[in-house]
Amino acid sequence: MAQFSFRSFRTRLLVFLLALMVPVLLGIYLFVNRENNQYTTDTINSYLDLGADVFDFTREEHKNTLLTIISTMTRDWGFRNAFGTGDPYTIIDAADNILLRSLGAADMMLIAAMDGEVIIDTKTQGFERLEGEWLELMNRAASSDDGIGDAIITLQGVPYQITVIPLYLPTPVAWIFGGFPLDNQFTDTVKQSIVSDVSIVEYQQSAAGNGLQVIASTLGQGDQQALIEQLQFDRLQTQRILLSDGEYGTLLRPLYGQDGDPLQIKAVIQKSYNENIENLQAFQRVLLQFYIAVILVSLIAVVLLARSFTRPVLDLASRVRRIEAGDYGQAMQVPGRDELSQLASSVNNMAAGLAEKEKVRDLLGKVVSHEIAEELLSKKIELGGEEKVVTVLFADIKGFTTLCESSAPEAVLTVLNRYLSEITRIIENNSGVVDKYTGDSVMALFGAPLSRGNDAENAVKAALAIQACMAELNAINRAEGMALMEAGIGIHTGLVVAGNLGSQNRLNYTVIGDSVNLAARLEGLTRKYNTGNIVSDASRAQAPDFVYRELDLVQVAGKSEPVRIYEVMGEASQLTDVRRQELQAFADALAAYRAQQWEDATARFMALQETLPSRERAMSLYSVYLERMEYLPRRNLPADWDAVFVFDRK
Amino acid sequence: MWALLVLIASMTASVQAAELRIALQDADTGAGVSDAVVEVLLPPALQQAHLAAMEVSVDQVEKEFVPNVTVISAGSRVTFPNSDDILHHVYSFSPAKVFELPLYGQGQNVDYFETFEQAGVVELGCNIHDWMLGYIYVAQTSLAVKTDEDGRATLSGVPAGEYTVRVWHPRSASEGKVVEQTLVFDDAQPANLRLALTLERDNRLRRAPNVSRTRYR
């Protein structure tokens, strides 16, 4: 099964937010919807209950108005007079007059004598004596306290609200029935009060079949038909009926007859759910718009939040990658004090630390040699050191003092740096380490901090290379009109103490010991012996694959043991035969010198001297011995003269 | 249904004149029935000898007819003075006498008489005050009398013989509000008429009738 993973923090946040919000919003929506539906139903029901009450109230009011009108009008003197005539035509005209004056509140009038004989009937129904419901109503009124009664009576197919009251002249002399039809005008009037549709529906049981008929209604024809088809006539609870423009809550109110009667009339109060549903839908629309707005705002907020989070993170990541590549660059600014800015601050500190370290390493590599720098950086730096055998090389540029006197300081520094750079390069190429520069001289170590096993050999190679290089550098100097330089190199191999020297706050990696001093002395002796280099016996023993010539046996200042010193001439393969003969001649001359055969030795050195160009003769190795032999024979040398030449000055 | 209970009818024949002693009771309560009219119906031949026209007054006091029941003989004249300080409009649509005295006040119509020729009961009303109701009983002869508060009355001068005696009361439950009975009159001793009348409750409109009822369910 594949592990799902988000491609970005933003997506993760978005999905999280949506997963959180959508169910909540949906839940709210459904809850509100359900409550609203319930509310709509309740509202419609209460509307209908109220509507039914108002319907009854309106009917009662109409009835009372009718009663008031009939009662008042019939006590009118004119009507009394008319009735007093006993003439039916006059009375019916007077009755019609009252109906006209009632402004529609009364629609029919029937006057009967106290015994039920019909005197006049504006609807001319045709019966001469009261019968059926009319008679029942009269009897009910006669047995009541005030002689007043009312009933709903179907009159020529239309249900009428009928009231009856006695005609006082001044004693009751007749029954006056007045009525108004429960017709469209009535339903329209009621509708104005209850803002609901009103219908009067008649149920008639007949041989042809039981049928419902709309007698009056505020509904259109089509809706009346729909009402008839769906209406449950015997159900008194609210029912839902679908009309042309939606569902209607429908409530019935009995007007006439009881369940089981062959003729029943009921009022139908109807209220559309639409109005409330429209409100509901409007509310839903607003709610949805609100949701969309909330989600949009949230998404934007999340995107911004994610950006505010991921952008610094991405920046940090790329910063870290650059740091990894060695670019410490500009410090990165993340405003605020949150975790991210703390992280950025840490990265900055880290970069600064790394840059600092790099800088130190770089500087260290310049100030000290690369190997020493590595040695220093790889270990814990502490004072103290270790004893080890190291080959120490001192290289000095002869003729530098002359240059200083004759040239500008900048030119001197340029030339010096050129020479030192070359010397340093050569030393490092031969696995040496520059320990320090002292003016125009260089101290180099072979075997510290790391030994390569052939340290003396490397040192000798370096010495030869330096000497070879001097010729090239001098060519440049000659072209620039500068003084020419020569190198003097001293090499010795011996035990030294290598380590960090100095104070706790400022250290130097270096080596110290007699061997270092000796190497320095040997370098100094090159001026005495007019040679390019002097290699100690110890070094020669460690680098035997070169051609040397023994120069002397010397005791340097501060040393009790004599040291046999050599000049390295080069690799054996590079040596010419003439050179070999010269070296052999020198060795023979040196042997004669040591044997105190002064004349023979002098002759031999002189012969060697002759091989040199005349300008070099005064400053040659041979001249050194020739000068000695000018005064040695006059000295009283001991019998066991060891031919050690003592240098008691540094 | 109406009930009439004859208790005692003792008669003493006389060729001269006889006396009728009347005592009427409420059949329900046993109390005397006042304002009942008792008339001895003489055959037409005898009527003229016992007829004397009268002049009486039916006053209107505090929006009532006073007396409430007035007995007169046919041909009598009645004046309807107004003792109230408002106007009245007296009328009658009774078949025995239809008349009206349009709005008049105190001091007016004092000398105006209506003559009641036809026997019968005349119901008086006021067109301004619907609850005002008065009765004028127009008897065929002068042999008619109204009971007092105890329901008693005495009628003298009745010729000996056997006649129908009619008892009328405004609230009588009987057909036509009358009860009739045949009595024999003679000179030797008075005839007694003791009747228990069944009365209907007072159907008169109460004062300030509350026509516009506000009974809503």
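Just so we're clear, the structure is a prediction, and the values are computed from it rather than from any experiment.

## Observations regarding the overall build of chain A
Move 1: Looking only at helices and strands, chain A features 18 helices and 19 strands.
Move 2: In summary, chain A has a C-alpha radius of gyration of 68 Å against a globular reference of 26 Å for 650 residues, an excess of more than 25%.
Move 3: Along the first, second and third principal axes, the C-alpha atoms of chain A reach 200 × 55 × 40 Å.
Move 4: Counting across all 650 residues of chain A, residues that qualify as buried make up 45%.
Move 5: In chain A, 60% of the contacts between residues at least 6 apart in sequence involve partners at least 24 apart.
Move 6: Computing the positive centroid from 58 side-chain charges and the negative centroid from 82, chain A places the two 16 Å apart.

## Things to note about the layout of surface pockets
All names here are of chain A.
Move 1: In this structure, the second largest pocket spans a volume of roughly 1200 Å³.
Move 2: Along the wall of the second largest pocket there are 31 residues; nearest its centre are Gln467, Glu486, Asn530, Thr531 and Gly532.
Move 3: Per-element tally for the lining of the second largest pocket: the top contributor is helix 12 (residues 455-480), with 5 residues.
Move 4: Among the residues forming the lining of the second largest pocket, the class breakdown is 12 nonpolar, 10 polar and 9 charged.

## So, the sheet that holds strand 12 (residues 120-126) of chain B
Within a sheet, adjacent strands bond to each other through the backbone by hydrogen bonds, running parallel or antiparallel.
Move 1: On the basis of which strands lie adjacent, the open sheet formed by 5 strands has the order 7-13-12-9-10 (chain B) and mixed pairing. Pairing within the sheet leaves two strands with one partner each, and these edge strands are strand 7 (69-73) and strand 10 (97-104) of chain B. Taking the axes of each pair of neighbouring strands and ignoring which way they run, one obtains an average angle of 20 degrees across the sheet.
Move 2: Each of strand 9 (88-94) and strand 10 of chain B touches helix 2 (residues 77-85) of chain A; the most contacted strand, strand 9 of chain B, lies at about 25 degrees to it.

## Re the domain arrangement of chain B
All names here are of chain B.
Move 1: Here chain B is partitioned into domain 1 (1-50 + 145-200) and domain 2 (52-139).
Move 2: Between the C-alpha centres of domain 1 and domain 2 there is a distance of 25 Å.
Move 3: Residue-level contacts link 10 residues of domain 1 with 10 residues of domain 2.
Move 4: Across the interface of domain 1 and domain 2, roughly 810 Å² is buried in total on both sides, 66% from carbon and sulfur atoms.
Move 5: In this assembly, domain 1 and domain 2 are joined by 2 residue pairs in polar contact (both at pLDDT 80 or more).
Move 6: Looking at side-chain class alone, the side of domain 1 that touches domain 2 contains 4 nonpolar, 1 polar and 5 charged residues.

## A short note on helix 2 of chain A
Residue and element names in this part refer to chain A.
Move 1: Of the positions making up helix 2, those classed as buried are Trp77, Phe79, Arg80, Ala82 and Phe83.
Move 2: The N-cap residue of helix 2 is Asp76: its side-chain oxygen and the backbone nitrogen of Gly78 are 3.1 Å apart.
Move 3: In the stretch just after helix 2, Gly86 is the one whose phi turns positive, near 75 degrees.

## So, the side chain of Asn458 of chain A
Move 1: Structurally, the position occupied by Asn458 of chain A is in helix 12.
Move 2: When sequence neighbours within four positions are dropped, the list of residues in contact with Asn458 of chain A reads Asn430, Ser431, Phe446 and Arg452 of chain A.

## Here we look at the nonpolar core
All names here are of chain A.
Move 1: Counting 48 residues, the largest nonpolar core has Phe55 and Ile111 as the members making the most contacts within it.
Move 2: When residues in this core are grouped by element, the largest group, 9 residues, is from helix 1 (residues 9-74).
Move 3: There are two domains that each give this core at least three residues, and those are domain 1 (75-181) and domain 2 (185-272).
Move 4: Ignoring sequence-local partners within four residues, the contact set of Ile111 consists of Phe79, Phe83, Ile91, Glu117, Val118, Ile119, Ile120, Ala174, Trp175 and Ile176.

## Topic: the interface of chain A and chain B
Where the parts come together, the accessible area they lose is often given as the size of the interface.
Move 1: Each partner contributes to the interface: chain A provides 24 residues, whereas chain B provides 22 residues.
Move 2: Contact between chain A and chain B buries roughly 2100 Å² in total, counting both sides, with carbon and sulfur atoms accounting for 52%.
Move 3: Seen at the junction of chain A and chain B, the total is 2 salt bridges.
Move 4: One salt bridge in this structure joins Arg75 of chain A and Asp130 of chain B, with 3.3 Å as the shortest N-O distance.
Move 5: On inspection of chain A and its partner chain B, the count reaches 5 residue pairs in polar contact (both at pLDDT 80 or more).

## Thoughts on the sheet that holds strand 11 (residues 113-116) of chain B
All names here are of chain B.
Move 1: Ordered in space as 4-8-11, the 3 strands form an open sheet in which the pairing is mixed. Of all the strands in the sheet, just strand 4 (55-57) and strand 11 have a single pairing partner and so form its edges. Neighbour-to-neighbour, the strand axes of the sheet open up by a mean angle of 30 degrees, direction not taken into account.
Move 2: Here strand 4 runs beside strand 8 (residues 76-79); their pairing, made up of 3 bridges, is parallel. Bridge assignment links Glu55 to a residue of strand 8, and that residue is Arg77.

## Points about the pairing of strand 2 (residues 17-26) of chain B
Residues and elements named next belong to chain B.
Move 1: In this sheet, strand 15 (residues 152-159) lies alongside strand 2 in antiparallel orientation, the contact comprising 6 bridges. Opposite Ala23, over in strand 15, you have Arg152 as the bridge partner.
Move 2: Bridge analysis of strand 2 against strand 18 (residues 191-197) gives 7 bridges, and the strand direction is parallel. Residue pairing for strand 18: Leu20 is matched across the bridge by Ala191.

## With respect to the pairing of strand 9 of chain B
All names here are of chain B.
Move 1: The element strand 9 is largely enclosed, with a buried count of 7 among its 7 residues.
Move 2: Here strand 9 shows no split at all, with His88, Val90, Ser92 and Ser94 on one side and His89, Tyr91 and Phe93 on the other all buried.
Move 3: Counting the residues between successive antiparallel strands, the hairpin from strand 9 to strand 10 contains 2 residues.
Move 4: One ladder, built from 2 bridges, connects strand 9 with strand 12; its direction is antiparallel. Bridging across to strand 12, Tyr91 finds its partner in Gly125.

So, how was this worked out
Residues numbered from 1 in each chain as written. Chains lettered and ligands numbered in written order. Predicted model: local features only at pLDDT ≥ 70, side-chain atom pairs only at ≥ 80, totals over all residues. Heavy atoms only, no water. Helix = DSSP H or I, 4+ residues; strand = E, 2+ residues; numbered from the N terminus. Rg over C-alpha atoms; globule rule 2.2 N^0.38 Å. Buried < 20%, exposed > 50% of the residue type's maximum accessible area, 1.4 Å probe, protein only. Contact = heavy atoms within 4.5 Å. Lys, Arg positive; Asp, Glu negative; His and termini not counted. Charge placed at Lys NZ, Arg CZ, Asp CG, Glu CD. 1 Å grid on protein atoms, 1.4 Å probe; cavity = no way out; pocket = protein on both sides within 12 Å on 5 of 7 lines; lining within 4 Å. Points joined across faces, edges and corners; volume = space filled by probe spheres on them. Nonpolar A, V, L, I, M, F, W, Y, C, P; charged D, E, K, R; others polar. Pairing = 2+ DSSP bridges. Axes fitted to C-alpha atoms, helices over the stretch in contact; angles between N-to-C directions. Domains from an automatic or database assignment. Buried area = accessible area lost by both parts, 1.4 Å probe. Polar contact = N/O pair within 3.5 Å; in protein donor to acceptor, adjacent residues only side chain to side chain. Core = buried A, V, L, I, M, F, W, Y, C linked by side-chain atoms within 4.5 Å. Salt bridge = Lys/Arg side-chain N within 4 Å of Asp/Glu carboxyl O.

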